Amino acid sequence: MSTHYSKIYLASGSPRRKELLTQLGVDYIQIANDFDETRLLDESPLDYVERVALGKAQSALKSLDNPNQLPILSADTTVAHQGEPLGKPNDLEHAAELLLRLSGDRHTVMSSVVLAVSGGFLQKTVKTDVVFAALKQKTIEAYCQTQEPLGKAGGYAIQGIGGSLIETISGSYTNVVGLPVYETRQLLEQAKVQFALSGLG
Ligand SMILES: Cc1cn([C@H]2C[C@H](O)[C@@H](COP(=O)(O)OP(=O)(O)OP(=O)(O)O)O2)c(=O)[nH]c1=O
């Protein structure tokens, strides 16, 4: 399969997404997206994560002078607990509330990835089940003191010290970190974007 695009626009400020894309061998130009993800509608976590991921791509598209030059990749990650989407904590107090809620229970991490290409949108959404250990209040406080919960959906980072709070996961690990690399690879192939393993089927 011939590749049409040697690079993409990445409409994300997430350091994890940048790292994972670099690991895939994708050449990208980072651009801003100013989509307001704090606005909640009456919707399921799945509808939320898909709407926000698409909104980020649309907002990035609008900001470009020559929008269809390169594909645009955007993503959103949310934690779904008892049918409710939990986003990033506003502060450490909020993070402690989220962690107390997740403690000793199962939740689902959903990441939705969008690739805007030649006037259309390709989208894939992935779910990973995560079981949290029962956490003592002291552990939650000490974890919050590390500042790691800030900027992370659900208030934890599986790739950091937060990984030690997790008993099991079922599904994609990179999906929890913010970019499911298997499904992202499929989208890149579909959009004919060049990366380390592109064109090999
Ligand atoms: C659950 C979990 C989330 N996260 C992160 C991934 C995402 O960056 C973040 C969820 O916020 P997002 O709104 O998905 O992304 P973002 O605001 O960081 O970046 P952008 O919108 O510019 O793309 O939580 C981890 O790093 N580790 C984890 O274990």
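Residues numbered from 1 in each chain as written. Predicted model: local features only at pLDDT ≥ 70, side-chain atom pairs only at ≥ 80, totals over all residues. Heavy atoms only, no water.

Labelled according to an unreviewed UniProt entry, the protein chain appears under the name dTTP/UTP pyrophosphatase, originating from Kangiella geojedonensis. Per UniProt, the protein chain carries the Function (unreviewed entry) text "Nucleoside triphosphate pyrophosphatase that hydrolyzes dTTP and UTP. May have a dual role in cell division arrest and in preventing the incorporation of modified nucleotides into cellular nucleic acids." Turning to the protein chain, the UniProt annotation filed under Subcellular location (unreviewed entry) states: "Cytoplasm". (UniProt positions renumbered as here; feature names shortened; annotations may be inferred.)

(A) Inspection of the UniProt feature "site: Important for substrate specificity" (unreviewed entry) in the protein chain at higher detail. In the numbering used here, UniProt assigns the "site: Important for substrate specificity" (unreviewed entry) feature to Arg16, Thr77 and Gln159. These residues run over 144 residues, yet every pair of their C-alpha atoms falls within 14.4 Å of each other. Not counting the four nearest positions on each side in its chain, Thr77 is found in contact with Arg17, Val49, Val109, Met110, Ser111, Ala153, Asn175, Val176 and Gly178. Non-local contacts of Gln159, meaning those with residues more than four positions away in its chain, are made with Arg16, Lys152, Tyr173 and Val177. (Contact = heavy atoms within 4.5 Å.)

(B) Focus on the packing of helix H1 (residues 15–24) against helix H6 (residues 181–190). At a closest axis distance of 11 Å, the pairing of H1 and H6 adopts a crossing angle of 60 degrees. With respect to H6, the element H1 is oriented oblique. When the axes of H1 and H6 are compared, the crossing they make is right-handed. In this structure, H1 contributes Leu20, Leu21 and Leu24 to the contact, and H6 contributes Val181, Thr184 and Leu188. Broken down by class, the residue content of the contact of H1 with H6 amounts to 5 nonpolar, 1 polar and no charged. (Axes fitted to C-alpha atoms, helices over the stretch in contact; angles between N-to-C directions. Helix = DSSP H or I, 4+ residues; strand = E, 2+ residues; numbered from the N terminus. Parallel < 35°, antiparallel > 145°, perpendicular 65-115°, else oblique. Left-handed = near helix turned anticlockwise from the far one by under 90°. Nonpolar A, V, L, I, M, F, W, Y, C, P; charged D, E, K, R; others polar.)

(C) Focus on the UniProt feature "active site" (unreviewed entry) in the protein chain. The UniProt entry lists Asp76 under the feature "active site" (unreviewed entry), expressed in the numbering used here. Apart from residues lying up to four places away in sequence, Asp76 is in contact with Arg17, Glu37, Tyr48, Val49, Val52, Ala53, Lys56, Met110, Ser111 and Ser112.

(D) Broad picture of the environment of Leu20. Here Leu20 is to be found in helix H1. For Leu20, a relative accessible area of 7% translates into the label buried. (Buried < 20%, exposed > 50% of the residue type's maximum accessible area, 1.4 Å probe, protein only.)

(E) Focus on H1. Listed as buried for H1 are Arg17, Leu20, Leu21 and Leu24. Burial along H1 is one-sided: seen end-on, the buried residues are contained in an arc of 100 degrees. In H1, those exposed residues whose orientation departs by more than 90 degrees from the buried face are Glu19 and Gln23. The inward-facing, buried residues of H1 abut strand E1 (8–10), strand E2 (28–30), helix H2 (45–63), strand E3 (72–81), helix H5 (173–177) and H6. (Arc of directions from axis to C-beta.)

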